[in-house]
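# Structural description and commentary
In case you want the letters, here they are:
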Amino acid sequence: MDAAGELADDDEVDAFQHLGLERRGVRQRRIGDDLAHAFGLLARQAVDRLRFQRGTRLVMGNALAGRLFYDVRGAGVDVRFEAALQQLLVEDGRVIGAIMNAPGRSLCIGARKGIVLATGGAGWSPQLRERLLPPAARRFSLAPASNCGDGLSTAEAIGGEIVADTESAALWMPSSVMRQPDGQLSVIPHIILDRAKPGLLAVDGSGRRFVNEADSYHDFVTAMLQGSGTASRVPSFLICDRRFIADYGLGLIHPRASNLKTFIAAGYLLGADTIEGLAKAIGSEPTELRATIERYNRYAETGVDEEFGRGASELNRFNGDPSNKPNPCLRRIGSGPYYALAVWPSDLASSAGLRTDECGRVLGRDGNALDGLYAAGNDAVSIFRGTYPGPERCWDRRSYSGGVPQWTQPER
């Protein structure tokens, strides 16, 4: 029936029916295309694993690194693997080369124009970690084990200045830790997959919340490191119920995981049937933890986190669950069993680093450039000085203009 109350003619009915069939056909084609794409990815992965040690499809950061490596090879660069920087060579005040430790031998490599340091910052270097990082953040790192801070150390040995007066020495990430059956230590960053989801809260050693759990990983750890008084925030504990793990997973535990015994036996996950039992497991006061959960549940009912404003920002809501109402980041913690997961501060990338000028040249303690030596990436001090304006913070000016040194002297 049309707006005037008259019956639509047969042509109009046929047109509407045809439009509905077209839309249904489009949806079906899209579903078919999605399934074909998914099966194609699985088939490619299977073929790759038969031919190589890993799949060859690269996405996100892997794709970026892969493209950069492809361009390096295309430019004819001689890439040496398993070669560690031992020493920078200086002659008449200019860096002219480097000594590298390679398997079974040492390499002396000369440099006509200069050397660019891009070794990843402080990494696992015990000396640099003790010197640059706060005590509570020295234990774990997300840097590769091969990153031992040799770029910073060798540059400093010839007069380069390491800038440490930043707001924080690193880009922080809360990480859980699990010892695997083969002895390998897995350090798992908690980025966006669980902390912002509704039905989880974070507490310190006393059982009280101390942070907006849905804020950025850097801000989360900054709050951990700012803890004072009798209640330790290192480690902190992520608290949830069984339903949360089933819906969203937790750290290494995938959503809908049916068996948690392996994680509990490894000490990765703590569990109890009651809140009081969970409080005992994490070493907090049972009355304090219960009061914290009750307050959190009240906020979940109203949709307003009166303590930390969780779910108030666009970032919080984006990383939450839009199907959860009224706040995508808050949901009641229900009946037991209850679970706790310890998270520790870990560094993802250095903010402290070598002082450089606008051309990427490393500067000495006297402010003068070290001729022939440049720094890029995490070896150079961050232009954000230890703050975190947003994702991909470590891809700042140091990785672009700093990564393509200006070999000529700048005008002054």
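Residues numbered from 1 in each chain as written. Predicted model: local features only at pLDDT ≥ 70, side-chain atom pairs only at ≥ 80, totals over all residues. Heavy atoms only, no water.

The next thing to look at is the overall build of the chain. Each helix and strand in the chain was counted, giving ten helices and 15 strands. Out of the 412 residues in the chain, the part that is buried amounts to 42%. Within the chain, residue pairs in contact and separated by at least 24 positions form 64% of the contacts whose partners lie at least 6 positions apart. Carbon and sulfur atoms form 54% of the exposed surface of the chain, whose accessible area is close to 22900 Å². (Helix = DSSP H or I, 4+ residues; strand = E, 2+ residues; numbered from the N terminus. Buried < 20%, exposed > 50% of the residue type's maximum accessible area, 1.4 Å probe, protein only. Contact = heavy atoms within 4.5 Å. Areas by Shrake-Rupley, 256 points an atom, 1.4 Å probe, with all protein chains shown as cover.)

That bond from K325 to P326 is cis: its omega, 0 degrees, falls within 30 degrees of zero. Note on placement: P326 falls in the loop between α10 (314-319) and β12 (338-350). Note the cis peptide between G336 and P337, where omega equals 5 degrees. The topology assignment puts P337 in the loop between α10 and β12.

For the rest of this paragraph, the subject is the pairing of strand β3 (residues 105-110). Judged from the six bridges that link them, strand β2 (residues 94-102) and β3 form a sheet pairing that is antiparallel. Among the inter-strand pairings, I99 is bridged to a residue of β3, identified as C108. Linking β2 to β3, which pair antiparallel, is a turn of two residues; within it G104 sits at a positive phi near 80 degrees. (Pairing = 2+ DSSP bridges.)

The subject of this paragraph is helix α4 (residues 150-157). Residues of α4 that are buried: D150, G151, L152, T154 and A155. Of the surrounding secondary structure, the elements contacted by the buried residues of α4 are β1 (84-91), β4 (115-117), α3 (126-132), β6 (162-163), β13 (353-354) and β15 (369-375).

For the rest of this paragraph, the subject is the nonpolar core. Counting 53 residues, the largest nonpolar core has F220, L250 and L373 as its most contacted members. Leaving out residues up to four positions away in the same chain, L250 has contacts with D194, L200, L238, C240, F244, I245, Y268, L269 and L341. Counting 18 residues, the second-largest nonpolar core is a separate cluster that includes I275, L278, L330 and I333. (Core = buried A, V, L, I, M, F, W, Y, C linked by side-chain atoms within 4.5 Å.)

Between helix α8 (residues 275-282) and helix α9 (residues 286-302), the shortest axis-to-axis distance is 8 Å and the interhelical angle comes to 120 degrees. As judged from the angle between their axes, α8 and α9 are oblique. Between α8 and α9 the crossing geometry is right-handed. Across the interface between the two elements, I275, E276, L278, A279 and I282 from α8 touch P286, L289, R290 and I293 from α9. Among the residues making up the contact of α8 with α9, the classes are represented as seven nonpolar, no polar and two charged. (Axes fitted to C-alpha atoms, helices over the stretch in contact; angles between N-to-C directions. Parallel < 35°, antiparallel > 145°, perpendicular 65-115°, else oblique. Left-handed = near helix turned anticlockwise from the far one by under 90°. Nonpolar A, V, L, I, M, F, W, Y, C, P; charged D, E, K, R; others polar.)

Bringing the environment of P103 into the picture now. Looking at the element boundaries, P103 is found in the loop between β2 and β3. Classification of P103 by relative accessible area gives exposed; the value is 54%. For the pair P103 and A83, spaced 20 residues apart in sequence, the C-alpha separation works out to 7.3 Å. Apart from the residues within four sequence positions on either side, P103 is in contact with F81 and E82.

Another aspect to go through is the pattern of salt bridges. All chains considered together, the criterion is met by 18 salt bridges. Between D305 and R209 there is a salt bridge, with its nearest N and O atoms 2.9 Å apart. With D305 in the loop between α9 and α10 and R209 in the loop between β9 (200-203) and α5 (217-225), the pair connects residues that are 96 residues apart, well separated along the chain. Residue D305 shares its accessibility class with R209, and that shared class is buried. With a closest N to O distance of 3.0 Å, E213 and R310 form a salt bridge. Taken together, the residues span a long stretch of sequence, with E213 in the loop between β9 and α5 and R310 in the loop between α9 and α10 at a distance of 97 residues. The residues E213 and R310 share a single accessibility class, namely buried. Residues joined by salt bridges that share partners form a network here, namely R209, E213, R295, D305, E307 and R310. (Salt bridge = Lys/Arg side-chain N within 4 Å of Asp/Glu carboxyl O.)

A separate point is the packing of aromatic side chains. Counted by the stated rule, this structure contains five aromatic pairs. Ring geometry for F244 and Y248: centres 5.1 Å apart, planes at 55 degrees, overall tilted. Residue F244 and its partner Y248 are both found in helix α6 (residues 242-248); the two are separated by four residues, about one turn of the helix. On the accessibility criterion, F244 (0% relative accessible area) is buried. By relative accessible area, which is 14% here, Y248 ends up buried. Between R129 and the ring centre of W124, over which it is positioned, the NZ or CZ distance is 5.5 Å. (Phe/Tyr/Trp six-rings, centres within 6.5 Å; stacked < 30°, edge-to-face > 60°. Lys NZ or Arg CZ within 6 Å of the ring centre and 35° of its normal.)

On to a nonpolar patch on the surface, then. A cluster of nonpolar side chains, contributed by I31, L35, F39 and L42, occupies part of the molecular surface with about 450 Å² of accessible area. Checked against the element boundaries, L35 lands in helix α1 (residues 10-51). (Patch = residues over 30% accessible without salt bridge, like charges linked within 9 Å, V, L, I, M, F, W, Y side chains within 5 Å.)

This brings us to the confidence of the model for the chain. Counting all residues, the mean pLDDT for the chain is 87, and 86% of those residues have values of 70 or more. Across residues 1-8 the pLDDT falls below 50, and counting only partners more than four positions away or on other chains, this stretch makes four contacts in the model. Segment residues 397-403 is flagged for pLDDT under 50; beyond a separation of four residues in sequence, or across chains, it makes 20 contacts in the model. (pLDDT = per-residue confidence, 0-100.)

Within strand β10 (residues 236-241), six of the six residues are buried, which leaves it mostly tucked inside the rest of the structure. What you see with β10 is no split at all: S236, L238 and C240 on one side and F237, I239 and D241 on the other are buried throughout. Relative to β10, β9 is paired through four bridges, and the arrangement is antiparallel. Bridge assignment links A202 to a residue of β10, and that residue is L238. Pairing between β10 and β12: six bridges, direction antiparallel. Counted as the bridge partner of F237 is A342 from β12.

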